[in-house]
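Summary of the model geometry
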Amino acid sequence: GIYLLRSFSRPRTRTFEFVYVTRIASLPPEGNMLRLWVPLPVSDPYQKISLLHIESPVSYELHRDPEYGNRYAYLEFNPGQVSFPFEVRLRFQTERHEHRVNLRAARSVRAGAELQADLKRFLEPDRLVPTDGMIAALAEQETRGLNQSLDKARAVYDFVVSTMRYDKSVEGWGRGDAIYACNTRKGNCTDFHSLFIGMLRASGIPARFEIGFPLPPDQTEGEIPGYHCWAE
């Protein structure tokens, strides 16, 4: 479970205190080693993370993914070291800033070297998000005759939201597999965005996957039952 404890609001900024709970109910009898990766929140231009505290019944190590810079806590231990069920709790505060882009100004902004490297990476395919084959053909079909990136992105967006259906009844959903999404036209937000990102990249538009918490705009405390994802 993920628990949103309290919020202090001011215009275009929201500050929250979170408790993020990873709960392991049991382990199969044949299990002899437990490995656990717990994602940690990151600070970026749109959020500031502070007062991060981890409560764990066993020791852990902090690591950073070398490709994307994501941070995580890693636990590896013998199940005999703990009694089940057990929990790992993260407590932290975050100040969220509204993410707004001036599209007119953005057209004339020249990206620095670090951003250029990011843009290049997010034009490339991923294992489950190809940019060739049916994804490339679909992107070409839906953006034909359009020259501006914003117009192409809007056309791809309109196609995805008009043809995909939020439906978790078909096996294979939730993996972020663009081919699966293209073939079934069903899935959850992960599947929607895999198709969207693949078609954008195939159209020459850098795009990347992001994941986080859906924060209710009209609530200041309560439980958040699951994740949400989006494309940047």
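The following paragraphs examine the structure supplied in this document. All values reported here derive from a predicted model rather than from experimental measurement.

**Comments concerning the overall build of the protein**
Each helix and strand counted, the protein has six helices and 12 strands in total. Projected onto its principal axes, the C-alpha coordinates of the protein cover approximately 60 × 45 × 35 Å. For the protein, contacts bridging at least 24 residues in sequence account for 63% of all contacts bridging at least 6. Here the protein has roughly 14,500 Å² of accessible surface; of this, 51% comes from carbon and sulfur atoms. Averaging the coordinates of the 29 positive side-chain charges in the protein and doing the same for the 29 negative ones gives two points 5 Å apart.

**Focus: a nonpolar patch on the surface**
Taken together, Val101, Leu103 and Leu150 make up a surface patch of nonpolar side chains, about 260 Å² in accessible area. For Leu103, a relative accessible area of 44% gives the class partly exposed.

**Considering the pattern of salt bridges**
Inspection of every chain in the model, using the stated rule, returns 16 salt bridges. Two residues, Arg12 and Glu98, come together in a salt bridge whose shortest N-O distance is 3.5 Å. A residue pair is termed long-range when its members are at least 10 positions apart, and Arg12 in the loop between strand 1 (2–10) and strand 2 (13–24) and Glu98 in the loop between strand 7 (86–97) and helix 1 (103–106) qualify at 86 residues. Residues Asp126 and Arg201 are paired through a salt bridge, measuring 2.8 Å at the closest nitrogen-oxygen approach. Of the two residues, Asp126 is situated in the loop between helix 2 (113–121) and helix 3 (133–143) and Arg201 in helix 6 (residues 189–202); the sequence distance between them amounts to 75 residues. Residue Arg201 is classed as buried on the basis of its relative accessible area, which comes to 6%. Taken together, the salt bridges that share partners define one network made up of Glu67, Arg121, Asp126 and Arg201.

**Structural notes on helix 6**
Spanning 14 residues, helix 6 covers 20 Å between terminal C-alpha atoms, matching the ideal 20 Å at 1.5 Å per step. Here helix 6 lies mainly inside the structure; 13 of its 14 residues are buried. Here helix 6 starts with a cap whose side-chain oxygen sits 3.1 Å from the backbone nitrogen of Thr190, and that cap is Asn188. Gly204 sits one or two positions beyond helix 6 and adopts a positive phi of about 85°.

**Details of the state of the cysteines**
Throughout the structure, instances matching the rule amount to zero disulfides. Unpaired in this structure, Cys182 has its nearest cysteine sulfur neighbour in Cys229, at a distance of 18 Å. The exposure class assigned to Cys229 is buried, which follows from its relative accessible area of 0%.

**Re the side chain of Thr13**
Within the secondary structure, Thr13 is located in strand 2. In contact with Thr13, not counting residues within four places along its chain, are Glu95, Arg96 and His97.

**With respect to the packing of aromatic side chains**
Going through the model one piece at a time under the given rule, you end up with nine aromatic pairs. Plain terms: the ring middles of Phe18 and Phe92 are 5.2 Å apart, the flat faces sit at 20° to each other, and that makes the pair stacked. Of this pair, Phe18 sits in strand 2 while Phe92 is found in strand 7, placing the two residues 74 residues apart along the sequence. Since its relative accessible area comes to 2%, Phe18 is described here as buried. Overall, the relative accessible area of 5% leaves Phe92 in the buried class. Aromatic side chains Phe77 and Phe86 sit 5.5 Å apart centroid to centroid with 80° between the ring planes, which places their arrangement in the edge-to-face category. Phe86 matches Phe77 in its accessibility class, with the two residues each being buried. Three or more aromatic residues joined by ring pairs make a cluster, and in this case those are Phe16, Phe18, Tyr20, Phe92 and Phe213.

Definitions and limits used
Residues numbered from 1 in each chain as written. Predicted model: local features only at pLDDT ≥ 70, side-chain atom pairs only at ≥ 80, totals over all residues. Heavy atoms only, no water. Helix = DSSP H or I, 4+ residues; strand = E, 2+ residues; numbered from the N terminus. Contact = heavy atoms within 4.5 Å. Areas by Shrake-Rupley, 256 points an atom, 1.4 Å probe, with all protein chains shown as cover. Lys, Arg positive; Asp, Glu negative; His and termini not counted. Charge placed at Lys NZ, Arg CZ, Asp CG, Glu CD. Patch = residues over 30% accessible without salt bridge, like charges linked within 9 Å, V, L, I, M, F, W, Y side chains within 5 Å. Salt bridge = Lys/Arg side-chain N within 4 Å of Asp/Glu carboxyl O. Buried < 20%, exposed > 50% of the residue type's maximum accessible area, 1.4 Å probe, protein only. Expected span 1.5 Å × (residues − 1). Polar contact = N/O pair within 3.5 Å; in protein donor to acceptor, adjacent residues only side chain to side chain. Disulfide = S-S within 2.5 Å. Phe/Tyr/Trp six-rings, centres within 6.5 Å; stacked < 30°, edge-to-face > 60°.

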